[in-house]
Amino acid sequence: MTVRQITIASLKQLKNTVIGNPSAKLALARDFAFIHSLVDCLNHPPTSLEPQGSQDDIRIEAAHVISSISYGSETALASLLRANALQAIIRALANPKILTEISLKYALSRALRVLASAVVEVTGPAHGPLRTYSPEFRSEAKVALDYLFEFDCLDVYLPLLADSSTPTAITIAQLIGAAVRTGVHRSAVIEWLPHLERQREVKGRRGWERPDVMLHVTANGRHGAWAIRTLVTMTQKRDLKVQEAALGALGALALENPPVATALAKVPADGTASTLALVSSLTKSRVTDVQLAASLCVTNIIRAQANNHPGMVGHPSALTVIQVLNRILVAPSESPQSQTTACYILSSLVRDEKDLCLEVYDRGVLGNLASLVKSITPLEKPSDWDVDEPESKVALREAALIAIASISLFDKVIKREVADTLQLIPLIQICLAHKRIGIRYAACQCLRALSRDAAVMRTNITDSGAGLALYEVFKREDEDLRVTFAALATVTNLVNDFSPLRPVMLSDGLLPRLMRLFTVDDQEIRVSVIWALKNLVYKSNLETKRMVMSHLGWTKLVELVNDPNPQIQEQTFAILRNLTNDEEGIALVFSSMEEETLVTCLCAGLDSSNESVTRVTADLLGNFSDGTRTQLDLIFTHPQILDLMHSCMADAKSGVRAPLVSCVLNLLLSNPRKKHELSEAGFVSTLRHISDWTGAAPGAGINSEDDKQAAVLAKRVLDLMDTSSIGNML
C-alpha cells in the first residue's frame, strides 16, 4: 500500500483500512518512505488543501494512524521506532501551542500511550500472554522505552496527568499503568516533580540532602511523589474511567515497591481512610473493569508491603480480592478478556504464599479454574486446534493454567486434587503440544508444581505419559527459551531418586542436553542445570555419579565453586555433598580431586558470605566425617579448615552448627589423639557454649532444632575431650 499524498481524507481512509486488517498493516509498515512522512508530519504537517481542514487536523489523523498500526505487527512497530515516532510525539507535545488544542493534545497523548504499550510488550516483563520477538528487536524496543522515562521526556507528558482535559489525563494514567514495569522506570516516575515543586524542594533543603519522596505520600500530602498524589486524587473522582486508569497506574507504581506500598497502606494522621482502604472499596464497583483494576492495585500493594516475606500478605485485603476474582471467573456474563485478567491477578496474589493458596482452594476457586480450562480445552487434540481457535480463548487457557500452577505449588492436598479429583493432567499434557509458546509454558509450569509431590509424580505424571511428553518439549533445541526453562524446572523434579523417569531420561540424552543448556547466557537456566545435576547424584549409585561427573567434569566443578553467582556456588557444593553421601562417593571425590584443590574448595565454602553456601559446605564436611581415617586426617592437617569450622560454629549460622559439631565428633571417634589440635583451635569454649543451649533465643537468626541437635552432639564431644584434664590450657 502506497500513499503518495498526505491529506486528511487519505489518512482517515488509511486508518479505517488498517484497523483489524493485518495484511494492510504489514503492507503499510513496509512502505518506509510513507512511515517517515507520517511521523514527520506530527511536527511539520503539510498545508491542508481541503476547505474544512487544517494542519492540526492532519496531525490528529496522523496520530490516529500511528495508534492504529502500533499493535499487532512486529514489522509495523519496528518501522515506527526506526522512524523515531516516540521522539516525534514527545517533540510535538512539548510545543506550548499544542497544549491549547484539546483534540490534538489528546490524539498525541493517545498515540504515545498506544505506542509505549506496544513497546513494553516487546521488552517485557510480560504481564499477560507470552509472545516471541527477536533479541535484536527487544534491544531496539528497550532503548525506545528507556528514552520515554528520561527526565526531559517526563517533563513533557507527566504534567498532563493533571490536565484539565479528562480524556488526556486518563491517557497518561493508562500509559503509566501499561509501560512502568521495571524498578528504574518506577523510580523515575515517583521521583519526578513539576517545575515549581522542584524549585521549592531545592530551596528548602541543603545541598547535600536528598529528599525522601515517599515521606508524605497521602491524599493530602504536599511534598514528593507528585504522580502518586495525583493518582490518589484521581481514584476519588466519580468518573469510572478515571478511577480505572488511576488504579492501574497506582498498581504499577506499587508493584515490588515496599516504600510506596507502606505509604499507601498507612492511615493518615487525621484518621481518614488509607489509600489501600479506598482502593479496596473500589473492588465492589458496579463495573468489572474497575473491579479488576482495584483488585490488581490491592494485590500489588499488599504483596509489596509484605516485601517478599511469606505469610505476611494482608489477609483481609487478600480475601476481598479473592472473592471478587472468583465471581468474575464463574459469571457467564463476563468476557474472556476479563476472566483472563482475573486469572493473572489471582496468580500474582497467591504466588509463593501457601496460606493464600489454601484459602483459594477452600473457597472453591481451584475447582472453578479447572471447570474453565475444561470448557475450552479438548480431551483429544483436534487437527485444526492450533488454527481456528479465537485469540481470546487461547489467552484465557494460558492464564487459567498459570493460576492453577501458582495455586498448586506448595500443598500436597491441592496437587492431588488437581491430579486425581479434577483430573487435569490429560488436559495439561495436550497443551504441551500447542503451537503457542504461552500455552506450552503454562502447561510446563503446572507439571512443575505437581511434580513436587512424590506420589503424583510416580503415578499420575509417569503413568499418564505427561512426564515423557514434557521431556520431549525439554529436548527440543529450537524451543523458546522460556518454555525450555519451565520444562527444565520440571525435569529437575523428575530426576529425583524416587522418580521412575530418572533412568529413562538418563538413557535418552539428558546429560548432553543439560550441558548444552549450561552454555546459554542465562543465569536462571545455569542455576537450574546445576540443580538438576545435584538431584541426579542424590542417592544414586556409583555408576550414575561417574556418568554425571564425566559430563560436568571435575575441573568445571572446581570453577563453579568460585562462580560469581552464589546460587551456582550453593548448588555446586550440593553436588559435592550428594556425591559424598556414602563411602564409595567419598572415595570418588578424594580420588578425583587433588588434596589442595579440595581444601581450597572447602575453605571457600566455609568462608563464604552467603549463609546458604556455608550451610551446604557444613553438610559436606559432615559427610566427609564418615570417611576413612586417612580422609579425615585431611581436616586435621590443614589448620585453616579447623579455624573456619570453629568460626562458623561460633557465629551461630542457622543450619551450620549441627553438621559441624557432628563432623568434630566423628573426627574424635576416629582419632582420639587429635584432642589437642581441637583444643588449640579454641573449640572447647565454643562447644561449652553450644552445649548450654536452652531453646530461649528467639529472633537470633538461629534454627532452634539445629541448635538442639548441636547441643546434644557438643556434650558428647566434650565428654570425649575430657575437658577437666585440659582446663588449665584454656
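Residues numbered from 1 in each chain as written. Predicted model: local features only at pLDDT ≥ 70, side-chain atom pairs only at ≥ 80, totals over all residues. Heavy atoms only, no water.

Peer 1: Provide a residue-level description of the overall build of the protein chain, including the pertinent values.
Peer 2: Helix and strand counts for the protein chain come out as 45 helices and zero strands. Counting only C-alpha atoms, the protein chain reaches 110 × 70 × 50 Å along its principal axes. Classification of the 730 residues of the protein chain by burial places 55% in the buried group. For the protein chain, the proportion of contacts with a sequence separation of at least 24, taken over those separated by at least 6, is 72%. Carbon together with sulfur atoms contributes 51% to the accessible area of the protein chain, which is approximately 32,000 Å² in total. Across the protein chain, the centroid of the 73 positively charged side chains sits 5 Å from that of the 79 negatively charged ones. (Helix = DSSP H or I, 4+ residues; strand = E, 2+ residues; numbered from the N terminus. Buried < 20%, exposed > 50% of the residue type's maximum accessible area, 1.4 Å probe, protein only. Contact = heavy atoms within 4.5 Å. Areas by Shrake-Rupley, 256 points an atom, 1.4 Å probe, with all protein chains shown as cover. Lys, Arg positive; Asp, Glu negative; His and termini not counted. Charge placed at Lys NZ, Arg CZ, Asp CG, Glu CD.)

Peer 1: Could you give an account of helix α32 (residues 523-537), with specific residues and numbers?
Peer 2: Between its first and last C-alpha atoms α32 spans 22 Å; for 15 residues at 1.5 Å apiece the expected length is 21 Å, and the two agree. Counting buried residues along α32, 12 of its 15 residues qualify, which places the element largely inside the surrounding structure. Buried residues belonging to α32 abut α29 (481-494), α30 (501-506), α31 (510-518), α33 (542-552), α34 (554-561) and α35 (566-579). You can read the cap of α32 off the contacts: a side-chain oxygen lies 3.0 Å from the backbone nitrogen of Glu-524, and it is on Asp-522. (Expected span 1.5 Å × (residues − 1). Polar contact = N/O pair within 3.5 Å; in protein donor to acceptor, adjacent residues only side chain to side chain.)

Peer 1: Describe the nonpolar core, and please don't skip the residues or the numbers.
Peer 2: If you look at the biggest cluster of nonpolar residues, it comprises 252 residues, and the most contacted ones within it are Tyr-157, Leu-533 and Met-645. For this core, the element with the most residues is helix α7 (residues 102-123), which contributes 11 residues. Here Tyr-157 is in contact with Ile-90, Leu-112, Leu-148, Phe-149, Ile-172 and Leu-175, once residues within four sequence places are set aside. (Core = buried A, V, L, I, M, F, W, Y, C linked by side-chain atoms within 4.5 Å.)

Peer 1: So what's going on with the environment of Gly-367? Residues and values would help.
Peer 2: Among the secondary structure elements, Gly-367 is positioned in helix α21 (residues 365-376). Spatially, the C-alpha atoms of Gly-367 and Glu-417 are 9.0 Å apart, while their sequence positions differ by 50 residues.

Peer 1: Describe the pattern of salt bridges, naming the residues involved and giving the relevant values.
Peer 2: The tally for this structure, following the rule as stated, stands at 26 salt bridges. The salt bridge partner of Lys-475 is Glu-472, with a shortest N-O separation of 3.2 Å. Separated by three residues within a single helix, Lys-475 and Glu-472 lie in helix α28 (residues 466-475), roughly one turn from each other. Where Arg-615 meets Glu-611, a salt bridge forms, and the shortest distance between an N and an O atom there is 3.5 Å. Of this pair, Arg-615 and Glu-611 both sit in helix α38 (residues 611-624), four residues apart, roughly one helical turn. (Salt bridge = Lys/Arg side-chain N within 4 Å of Asp/Glu carboxyl O.)

Peer 1: Run through the state of the cysteines, naming residues and quoting values.
Peer 2: Note on terminology: disulfide describes a covalent bond linking the sulfur atoms of two cysteines. Evaluation of the coordinates by the stated rule reveals zero disulfides. Looking at Cys-444, it has no disulfide partner, and the nearest cysteine sulfur is the one in Cys-446, 9.4 Å off. Of the residues examined, Cys-444 reaches a relative accessible area of 0% and is grouped as buried. The closest cysteine sulfur to the non-disulfide-bonded Cys-663 is located on Cys-648, 12 Å from its own sulfur. Residue class for Cys-663 comes out buried when judged on its relative accessible area of 0%. (Disulfide = S-S within 2.5 Å.)

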